Amino acid sequence: MILIQILLVIVFALLLMRVLVSPNSSRIKAWKKIIACLFAVFAVVAVLFPEILDDLAHEVGVGRGADLLLYLLCVAFLSYVLNQYLRTKDDEYQIHKLARKIALLEAELKTKAEKK
Amino acid sequence: MNVMSTSNVAIIIPVYNEGKVIASVVKNVLKQFDFVVCVNDGSKDNSESEIAKTKARLVNHPVNMGQGAALQTGIEYALQFPQIEYFVTFDADGQHSLADAQKMLQYLQKNKVDVVLGSRFLGTAKNMSKLKKVILKLAVRFSNATSGIKLTDTHNGLRVFNRKFAEIINITQSDMSHASEIIQRIAETKTPFKELPVTITYTDYTVAKSHNPNLNAVNIVFDTLLRKLVK
């Protein structure tokens, strides 16, 4: 095995461990963990046996394995961006609900204080 | 205009950096309506103290959250008062006319609809720029193609609705996309509605204020399509 392969496999393994045994692990959905595992396995295979990636690329009509990898990366990145955008919107909505509650409570307190 | 009781009407005004005009707009509204809620959406200017000068009720957002969020806050505030039966959303910059609001209220009270929407394209828009007109017309086409109900003006801030619709409106889109969301809500709940002509007056002030309508339109289209996609 060449040095880069050893390094990459170690990095992928550590990253996967980080996802699976993080303190917030129970909050990550099970299917997301499975996808992460599959992805890590795919990454390790791609690093150790680049010719498999080449074969796969030819199978779907792409010239080189590296090109296929780039396309897959694009898909992964775009879905990440979209996912993150939706999550931010969701978080924003939660914050707005909280802030609205504060605003309404404050208005209520003020009205009560004025009545007294 | 015949006089009628307005104690069951809440006027909801979202306010963001309107310190220059808000006091005069609110005072004008208070001449005809008692229950006026100003939702100060984290303004950076003196809007808050200007509103405090008037007899309007003030609800303060701790941070800026957008016009849609401010409307929802105003609606939820007014819903707390059981005597309120009718809700009017009104822009803070004075571009709407009170006579139109009265006319829409009367229509709502006399007809079997839950929502009355103002339309500047059925009525008149004074001093509207050509570019704004084109963008708004495109917005109408886009909305009519995606929402399932046909309207002539989809981004009009003057709306009147009853308690039933106020309870289900639940605006979640904080920014300008809330206009499409309200239409979406009308369509999906099959709420009976009516569009009435209104007059919108674009003063130098309102024109100077509205920034980047084009970019805004892109945001609205993007968010509306995304919302459809995710549902």
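Residues numbered from 1 in each chain as written. Chains lettered and ligands numbered in written order. Predicted model: local features only at pLDDT ≥ 70, side-chain atom pairs only at ≥ 80, totals over all residues.

> So what exactly am I meant to see when it comes to the overall build of chain A here?
Summing up its helical and strand segments, chain A has four helices and zero strands in all. N-terminal to C-terminal, the α/β element order of chain A is α-α-α-α. Relative to a compact globule of 116 residues, whose C-alpha radius of gyration would be 13 Å, chain A shows 24 Å and is clearly more extended. Across its three principal axes, chain A shows a C-alpha extent of roughly 80 × 30 × 25 Å. A total of 116 residues make up chain A; the buried ones form 4% of that total. Of the contacts formed within chain A by residues at least 6 apart in sequence, a portion of 29% connects residues at least 24 apart. (Helix = DSSP H or I, 4+ residues; strand = E, 2+ residues; numbered from the N terminus. Rg over C-alpha atoms; globule rule 2.2 N^0.38 Å. Buried ≥ 20, exposed ≤ 12 C-beta atoms within 10 Å, placed from the backbone. Contact = placed C-beta atoms within 7 Å.)

> Honestly, the environment of V44(A) in this entry has me stumped. Any pointers?
All names here are of chain A. Within the element layout of this structure, V44 appears in helix 2 (residues 30–48). The spacing of V44 and Y93 is 49 residues in sequence and 39 Å in space, taken between C-alpha atoms. The residues touching V44, leaving out its near neighbours within four places in the chain, are V9 and F12.

> So what exactly am I meant to see when it comes to the sheet that holds strand 5 (residues 115–126) of chain B here?
One key point about sheets: their strands pair by backbone hydrogen bonds, in either a parallel or an antiparallel sense. Residues and elements named next belong to chain B. In space, the seven strands of this open sheet follow the order 3-2-1-4-6-5-7, with mixed pairing throughout. Each edge of the sheet is formed by a strand with only one pairing partner; in this case those strands are strand 3 (57–60) and strand 7 (193–201). The sheet shows a mean angle of 25 degrees between the axes of neighbouring strands, taken without regard to direction. In the sheet, strand 5 pairs with strand 7 via eight bridges, with the strands oriented parallel. Paired with V115 across the bridge in strand 7 is F193. (Pairing = 2+ DSSP bridges. Axes fitted to C-alpha atoms, helices over the stretch in contact; angles between N-to-C directions.)

> Can you help me understand the domain arrangement of chain A in this one?
Often, the extent of an interface is quoted as the loss of accessible area upon association of its parts. The domain boundaries assigned to chain A delineate domain 1 (1–48) and domain 2 (66–116). Once you take the C-alpha centre of each, domain 1 of chain A and domain 2 of chain A turn out to be 29 Å apart. (Domains from an automatic or database assignment.)

> It is not clear to me how the packing of helix 4 (residues 65–115) of chain A against helix 3 (residues 67–79) of chain B should be interpreted in this structure. Could you clarify?
For any two helices packed against each other, one specifies the inter-axial angle together with the distance between the axes. Put simply, helix 4 of chain A and helix 3 of chain B touch, their axes get as near as 10 Å, and they point 45 degrees apart. It follows that helix 4 of chain A is oblique to helix 3 of chain B by the angle criterion. Of the two possible hands of crossing, helix 4 of chain A and helix 3 of chain B adopt the one that is right-handed. On helix 3 of chain B, the residues touching H96(A), R100(A), A103(A), L104(A) and A107(A) of helix 4 of chain A are A69(B), Q72(B), T73(B), E76(B) and Y77(B). Each residue belonging to the contact of helix 4 of chain A with helix 3 of chain B can be placed in one class, and the counts come to five nonpolar, three polar and two charged. (Parallel < 35°, antiparallel > 145°, perpendicular 65-115°, else oblique. Left-handed = near helix turned anticlockwise from the far one by under 90°. Nonpolar A, V, L, I, M, F, W, Y, C, P; charged D, E, K, R; others polar.)

> How do you make sense of the interface of chain A and chain B when you look at a structure like this?
On the side of chain B, 16 residues touch chain A, which itself brings eleven residues to the contact. Classifying every residue of the side of chain A that touches chain B by side-chain character gives seven nonpolar, one polar and three charged.

> Is there a simple way to explain the environment of V218(B) in this structure?
Summarising the element assignment, V218(B) is placed in helix 9 (residues 213–230). For the pair V218(B) and A139(B), spaced 79 residues apart in sequence, the C-alpha separation works out to 9.9 Å.

> I tried to follow the pairing of strand 6 (residues 159–162) of chain B on my own but got confused; where do I start?
The side chains of a regular strand alternate between both faces of the sheet. Residues and elements named next belong to chain B. Strand direction decides the pairing type here: strand 4 (residues 86–89) and strand 6, joined by four bridges, are antiparallel. Bridge pairing in strand 6 links T89 to R159. Looking at chain direction, strand 5 and strand 6 are connected through three bridges and run antiparallel. Each residue of the ladder has a partner; that of L117, found in strand 6, is R159.

> Explain the nonpolar core here, please?
Taken as a class, soluble globular proteins show a tendency for nonpolar side chains to be buried jointly. Counting residues in each nonpolar core, the largest one holds 54 residues, and the members touching the most others are A10(B), I11(B), I12(B), I13(B), V37(B), C38(B) and V88(B). What V88(B) contacts, discounting residues up to four positions off in sequence, is V9(B), A10(B), I11(B), I12(B), A101(B) and V160(B). (Core = buried A, V, L, I, M, F, W, Y, C linked by C-beta atoms within 7 Å.)

> Can you help me understand helix 4 of chain A in this one?
Helical geometry note: an α-helix holds 3.6 residues per turn, so side chains three or four residues apart project in the same direction. Residue and element names in this part refer to chain A. Over its 51 residues, helix 4 extends 75 Å from the first C-alpha to the last, a length consistent with the 75 Å expected when each residue adds 1.5 Å. Where burial is concerned, little of helix 4 is hidden: four out of the 51 residues are buried. For helix 4, every residue scored as buried is listed here: L68, H96, R100 and A103. (Expected span 1.5 Å × (residues − 1).)

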